[in-house]
Amino acid sequence: MNRRLLPLALAALAACGRGAPADLVVFGRTWTGDPANPSAQAVAVRGDTIAAVGDSATIAALVGPQTTVLATPGLVTPGFTDGHVHFLPGGFQLASIDLRDATTKAEFIRRIAAYAAERKPGEWIVGGDWDHEQWPGTPLPERSWIDSVTRDNPVWLSRLDGHMALANSKALAAAGITRATPDIPGGEIVRGAGGEPTGILKDAAQAPVDAARPAPTPEQADAALQRAFSFAASKGVTGVVSVSVPWEEVAAWRRAHAAGTQLVRGALFPPLEQWRRVADTLRTYGPGDARLRVAGVKGYVDGSLGSTTALFVEPYLDAPGKAGLFVTHPDSLRRWVGAADSAGLQVTVHAIGERANRFILDVYDSVAKAHGAKDRRFRVEHAQHLLGPDIARFAAQGVIPSMQPSHVTDDGAWAHKRIRPAQLERTYAFRALLDAEAPLVFGSDWTVAPLDPLLGISAAVTRRTRDGKHPDGWVPSQKVTVAEALRAYTAANAYGVFAERERGVLKPGMQADLVLLDRDILRIPPTEIAQAGVLATVMGGKVTYRR
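Let me begin by describing the structure that accompanies this report.

What counts, and where the lines are drawn
Residues numbered from 1 in each chain as written. Predicted model: local features only at pLDDT ≥ 70, side-chain atom pairs only at ≥ 80, totals over all residues. Heavy atoms only, no water. Buried < 20%, exposed > 50% of the residue type's maximum accessible area, 1.4 Å probe, protein only. Helix = DSSP H or I, 4+ residues; strand = E, 2+ residues; numbered from the N terminus. Arc of directions from axis to C-beta. Contact = heavy atoms within 4.5 Å. Pairing = 2+ DSSP bridges. Axes fitted to C-alpha atoms, helices over the stretch in contact; angles between N-to-C directions. Core = buried A, V, L, I, M, F, W, Y, C linked by side-chain atoms within 4.5 Å. Salt bridge = Lys/Arg side-chain N within 4 Å of Asp/Glu carboxyl O. Phe/Tyr/Trp six-rings, centres within 6.5 Å; stacked < 30°, edge-to-face > 60°. Lys NZ or Arg CZ within 6 Å of the ring centre and 35° of its normal.

Structural notes on helix α13 (residues 388-397)
Count 3.6 residues to each turn of an α-helix, and residues three or four apart come out pointing the same way.
Reasoning step 1: Along α13, the positions that sit buried rather than exposed are D390, I391, R393 and F394. Looking straight down α13, one finds that the buried residues subtend no more than 160° of arc, so they occupy a single side. Exposed and facing more than 90 degrees away from the buried side of α13 are P389 and A396.
Reasoning step 2: Packing partners of the buried residues in α13 comprise α12 (354-371), β18 (379-382), β19 (400-403) and α16 (430-435).

The structure is reproduced here in structure tokens:
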């Protein structure tokens, strides 16, 4: 406990006879997220529910001999929800090769060689999260770079955005991809001299290698999920929206839920094309509870800016022959969205480019008009690049823009070479969407970006880029306030999955999810938010992390 707060805690212990004791009491300046009572000095918890929020003296009277007492000199907030993660893959990545900060070709190859030397023959080498934009003047990696150092192992290493990956020759052979393999709709097999695959596969072209890779065992999935739980809790995360969820992940979450080892709430969105199976699952198992729900389905319109597969109206500046692609056929998207909505499922769809966002807004509008009014809360994952008139459509149609502020720090370093200045002004348009009263939610896209809401808040508020070239912010007109960013990680995210009556704000009767920060991010300079840390995390009244 902080030394300055020790006298308060002792006084609280002396007052234990007054009122029914709480199971947990937290002292510290509190941002509640509740407009009716926006700030407080302490929070009391009984069981998994918030019992009281108020001044220190009032809450101190609820401390008993068995009460757990936490305190911070910084700030108490509702627990963070990450509105867009790939959670089980993130758990696997925590134990896999990491190439995110490999800034040269030589370092890229060296790390892969060192990792391969410790693997058993035949064991797949996966993970990576490499970023070729950090290698100035260097082309995309090729299998020829790594074949000689991975002779005994198939290699399948994803770019950090997940929309292209590098396979070595053994992995291509396992997938049956050769020079004679035709292009795959919705993707691209990058080819070199004579049409030979270089090893780079984009979007839908990744499917054959994914299919060839052995599925994880239940034991491996459970271990990866527990790694992800612990890591998320250390970042103040009490809930996640996990998207594009494979069924082995659904099963792992259910095992953790049944065993009582779940440290993070989960709202799971399996693939849109499997809408019928999801609907059948909900009929069989029910909608779930406050800890775990199969919440809906998630599809794709396009790819990513980094892979030049995000779908735009105009061609890319540095790839004049390309304007992106439909990862999913438009007719299939229309049919699946309509069917999922008819089945009562919440639908969210990945759209990054301007044309992709306009397309899915049109689809949502058409489905809503055809099926009649209801609280469906359609979502768009990323919503990164928008045409001016489409910003207001999010609010008008009630569509939730689910965005990832940390991507600003990456894309802002190189997006100018790919799209035009006028387009950049509507990139990650947080301010414009909030001003239009769109229900903006924030997440990370982990493992594409770090699972750390404090880094996301910093990015949304400062819009500084990793290269240090935008000290006042990249497109500073799109900055938001710290309070607005906090809401996007708490109450807004609860709304985003129909959980606003259960969590997202600190007030009596709500689920006791909260985080103690080591400094008050509402009062320190915004440029210092990225250095803030988590002292403790509480989910459902239980301490899930303590520093």
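Looking at the environment of L440
Reasoning step 1: Tracing the backbone through its elements, the reader meets L440 in the loop between α16 and β20 (441-442).
Reasoning step 2: Note: C-alpha distance between L440 and Y495 (55 residues apart in sequence) is 9.9 Å.
Reasoning step 3: Not counting residues within four places of it along the chain, the set of residues in contact with L440 comprises P401, M403, F430, L434, A488 and A492.

Describing the sheet that holds strand β14 (residues 265-269)
Reasoning step 1: Sheet architecture is open: four strands sit in the order β6-β13-β14-β15, paired in parallel fashion. If you trace the sheet from one side to the other, it starts and ends with β6 (80-85) and β15 (292-294), each paired once. The mean inter-strand angle of the sheet, taken between neighbouring strand axes irrespective of direction, is 10°.
Reasoning step 2: Inspection of the sheet shows β14 paired to β15 by three bridges, in the parallel sense. Within β15, the position partnered with G266 by the bridge is L292.
Reasoning step 3: Across the sheet, helix α9 (residues 247-259) touches β13 (237-243), β14 and β15, and the angle it forms with β15 is around 155°.

Thoughts on the sheet that holds strand β11 (residues 187-191)
Reasoning step 1: Across the sheet, which stays open at both edges, the six strands sit in the order β7-β8-β9-β10-β12-β11 with mixed pairing between neighbours. The sheet terminates laterally at β7 (97-98) and β11, the two strands that pair on one side only.
Reasoning step 2: As paired elements, strand β9 (residues 155-159) and strand β10 (residues 164-167) share three bridges and run antiparallel to each other. Bridging across to β10, W156 finds its partner in A167.

Observations concerning the pairing of strand β21 (residues 514-517)
Reasoning step 1: Burial along β21 is two-sided: L514 and L516 facing one way and V515 and L517 facing the other are all buried.
Reasoning step 2: Here strand β5 (residues 75-78) runs beside β21; their pairing, made up of four bridges, is antiparallel. Within the sheet, the bridge partner assigned to T77 lies in β21 and is V515.
Reasoning step 3: Pairing of β21 with strand β22 (residues 534-539) involves four bridges; the strand directions are antiparallel. Bridge pairing in β22 links L517 to V534.

Re the nonpolar core
Reasoning step 1: Judged by nonpolar contacts, the single largest core of 94 residues is most densely connected at F87, I457 and I521.
Reasoning step 2: Take this core: its biggest share by element is seven residues, from α12.
Reasoning step 3: Filtering out sequence-adjacent residues up to four positions away, F87 remains in contact with L225, A228, F229, A232, V240, S242, E249, W253 and W446.
Reasoning step 4: Formed by 19 residues, the second largest nonpolar core is a distinct cluster that contains V43, L506, M510 and A512.

Things to note about the pattern of salt bridges
Reasoning step 1: Taken as a whole and judged by the stated rule, the model has 39 salt bridges.
Reasoning step 2: Of the charged contacts in the structure, one is a salt bridge between K417 and E133, with a shortest N-O distance of 2.8 Å. Here K417, found in the loop between α14 (406-411) and α15 (421-424), pairs with E133, found in the loop between β8 (125-130) and α5 (143-146); they are 284 residues apart in sequence, far enough to count as distant.
Reasoning step 3: Here R376 makes a salt bridge to D341, at a shortest N to O gap of 3.0 Å. One end of the pair, R376, is in the loop between α12 and β18; the other, D341, is in helix α11 (residues 330-342), and 35 residues separate them in sequence.
Reasoning step 4: Judged by relative accessible area, which is 1%, D341 ranks as buried.
Reasoning step 5: When salt bridges with common partners are traced through the structure, they connect D131, R159, D161, D410 and R466 into a single cluster.

A few points about the packing of aromatic side chains
Reasoning step 1: In the structure shown here, the tally under the stated rule is 18 aromatic pairs.
Reasoning step 2: Look at F108 and W145: their rings are 5.9 Å apart centre to centre, the planes differ by 85°, and that puts the pair in the edge-to-face class. Here W145 lies in helix α5 and F108 lies in helix α4 (residues 105-116), a separation of 37 residues in the sequence. In this pair, the class of F108 matches that of W145, namely buried.
Reasoning step 3: Three or more aromatic residues joined by ring pairs make a cluster, and in this case those are F80, Y428, F430, F442, W474 and Y489.
Reasoning step 4: Its guanidinium or amino end placed over the ring of Y285, R254 lies 4.1 Å from that ring's centre, counting from NZ or CZ.
Reasoning step 5: Above the ring of F498, the side-chain terminus of R377 is found at 4.2 Å from the ring centroid.

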